[in-house]
Amino acid sequence: MNGPELLDSRAARVGGTPVVRLLPKRAHRTVGPWCFADHFGPVDVADGAMAVGPHPHIGLQTVTWLFEGEVLHTDSLGSEQLIRPGQLNLMSAGRGIAHAEESPAGAAGAMHGLQLWVAQPDATRWAEPEFQHLSELPVVEVDDATATVLVGRLDGARSSARADWPMIGADVVVRSTTELPLDPTFEHAVLVTSGAPTIDGSTVPLGTTAYLPPGRSSVTMTGPARVVVVGGEPFESTIAMSWNFVARTSDEIDAAYADWTAAGPRFGEVRSDLARIAAPGH
Ligand code: MN
């Protein structure tokens, strides 16, 4: 069997927090609808609390998934939601939303997680924004692994998270050799969040991502490791991505920058003590 295509990552910073940017890659701007993946931590909040002030999004869903720690989400819909490991925050930006994310007051210990974005299809990308919090998610045992289904369906278990496009997102703790079923109509990326698993015969170190093209009905992984598998049907179109915006044309991107700078009604107000983040030059 051919091994997976291995994708490297790069260091980046978000609101002062160092992150490892796993997606996008030049060769894979999207994997299914997934268009962005940052891995942050593990870091002691005493050394780097999260403090990302109000900022806008359009045309994407933000998926926040924690391995350790807590994050407080506030947004322009009036949502105020603390998220803990095992829970999912899913924010659908549609035509526009603003939010802030920060370590809650008094937070201590480690913070570790993923921030993922899902491109919205034409059918929903101009819709009203929505915020969803799932306090519990389906968990399934597959061979010698435990999988939590964030979005989509795995091995008969289905997440109730909103999905605008056929897709999967699953956190998989791999203890020993496990054959994880895949939808052969999907392409997938296996994001390594701890350990250095063997994936279809290739060792995949932390910070490296294994890309699997469509046509695969399973992937074989050997741990101990923890991975997040994301994927979906190849997306309907190429996307334009700039700063926090996902669109199709530069005119749509320019309008989003202008609307955020104008502080008009499109993105609304976020109740947060953190400073509003100014749009960078573009
Ligand atoms: Mn954001």
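Whatever comes next refers back to the structure up there.
Predicted, not measured: the structure shown is a model, and the values here were computed from it.

The rules behind these values
- Residues numbered from 1 in each chain as written.
- Predicted model: local features only at pLDDT ≥ 70, side-chain atom pairs only at ≥ 80, totals over all residues.
- Heavy atoms only, no water.
- Donors = N, O, S within 2.8 Å, 3.2 Å for Na, K, Ca; no water.
- Helix = DSSP H or I, 4+ residues; strand = E, 2+ residues; numbered from the N terminus.
- Buried < 20%, exposed > 50% of the residue type's maximum accessible area, 1.4 Å probe, protein only.
- Pairing = 2+ DSSP bridges.
- Axes fitted to C-alpha atoms, helices over the stretch in contact; angles between N-to-C directions.
- Salt bridge = Lys/Arg side-chain N within 4 Å of Asp/Glu carboxyl O.
- Core = buried A, V, L, I, M, F, W, Y, C linked by side-chain atoms within 4.5 Å.
- Contact = heavy atoms within 4.5 Å.
- Expected span 1.5 Å × (residues − 1).
- Arc of directions from axis to C-beta.

(A) The coordination of the manganese ion, seen in detail. Protein-derived ligands of the manganese ion are His55 (NE2), His57 (NE2) and His99 (NE2), with the metal-ligand distances lying across 2.1 to 2.2 Å. Mapping the donors of the manganese ion onto the primary sequence gives the spacing H-x1-H-x41-H. Here His57, found in strand S5 (residues 51-57), pairs with His99, found in strand S10 (residues 97-102); they are 42 residues apart in sequence, far enough to count as distant. His99 matches His57 in its accessibility class, with the two residues each being buried.

(B) A look at the sheet that holds strand S2 (residues 10-14). Taken in spatial order, the seven strands of this open sheet run S2-S3-S4-S11-S6-S9-S12, and their pairing is antiparallel. Looking at strand neighbours, the two that pair on one side only are S2 and strand S12 (130-134), the edges of this open sheet. Averaged over all pairs of adjacent strands, the angle between strand axes in this sheet comes to 25 degrees, irrespective of strand direction. As judged from the five bridges shared by strand S6 (residues 60-68) and strand S9 (residues 88-92), these two strands associate in the antiparallel manner. Counterpart to Val63 in the pairing with S9 is Leu90.

(C) View of the sheet that holds strand S21 (residues 202-203). Taken in spatial order, the four strands make up an open sheet running S18-S23-S20-S21, and their pairing is antiparallel. A strand with exactly one partner marks an edge of an open sheet, and here the two such strands are strand S18 (178-181) and S21. Alignment of strand S20 (residues 198-199) against strand S23 (residues 218-222), held across two bridges, turns out to be antiparallel. Within the sheet, the bridge partner assigned to Ile199 lies in S23 and is Met221.

(D) Local environment of the pattern of salt bridges. A complete count under the given rule lists 14 salt bridges for this structure. Asp38 is the salt-bridge partner of Arg21, the closest N and O atoms lying 2.7 Å from each other. With Arg21 in strand S3 (residues 17-23) and Asp38 in strand S4 (residues 34-44), this pair connects stretches of sequence that are 17 residues apart. Across the pair, exposure class does not vary: Arg21 and Asp38 are buried alike. Here Arg175 ties to Asp144 by a salt bridge, and the two come within 3.2 Å at their closest N and O atoms. A residue pair is termed long-range when its members are at least 10 positions apart, and Arg175 in the loop between strand S17 (167-174) and S18 and Asp144 in the loop between strand S13 (139-142) and strand S14 (145-151) qualify at 31 residues. One continuous salt-bridge network, built from bridges that share partners, spans Asp122, Arg125, Glu236, Arg248 and Glu252.

(E) The arrangement of the pairing of strand S19 (residues 187-195) in detail. Of all nine residues that make up S19, seven are buried, and the element is covered over most of its length. Note: S19 against strand S24 (residues 225-232), eight bridges, orientation antiparallel. Opposite Leu191, over in S24, you have Val228 as the bridge partner. Across four bridges, S19 lies against strand S22 (residues 209-212) in antiparallel orientation. Paired with Ala189 across the two strands is Tyr211, which belongs to S22.

(F) Structural context of the nonpolar core. In terms of nonpolar packing, the biggest core is built from 25 residues, with Trp34, Leu88 and Leu191 touching the most fellow members. Every element with two or more residues in this core is listed here: S3, S4, S6, S9, strand S11 (110-119), S14, S19 and S24. Here Leu88 is in contact with Val63, Thr64, Trp65, Ile83, Gln132, His133, Leu134, Leu137, Leu150, Val151 and Ala161, once residues within four sequence places are set aside. In this structure, Ile168, Leu182, Val204 and Val227 belong to the second largest nonpolar core, which totals 24 residues.

(G) Examining helix H2 (residues 250-262) more closely. The end-to-end C-alpha separation of H2 is 18 Å, in line with the 18 Å expected for 13 residues at 1.5 Å each. Of the residues making up H2, those classed as buried are Glu252, Ile253, Ala256, Tyr257 and Trp260. Across the axial projection of H2, the buried residues extend over an arc of 140 degrees, all falling on one side. Exposed residues on H2 whose side chains face more than 90 degrees from its buried face are Ser250, Asp251, Thr261 and Ala262.

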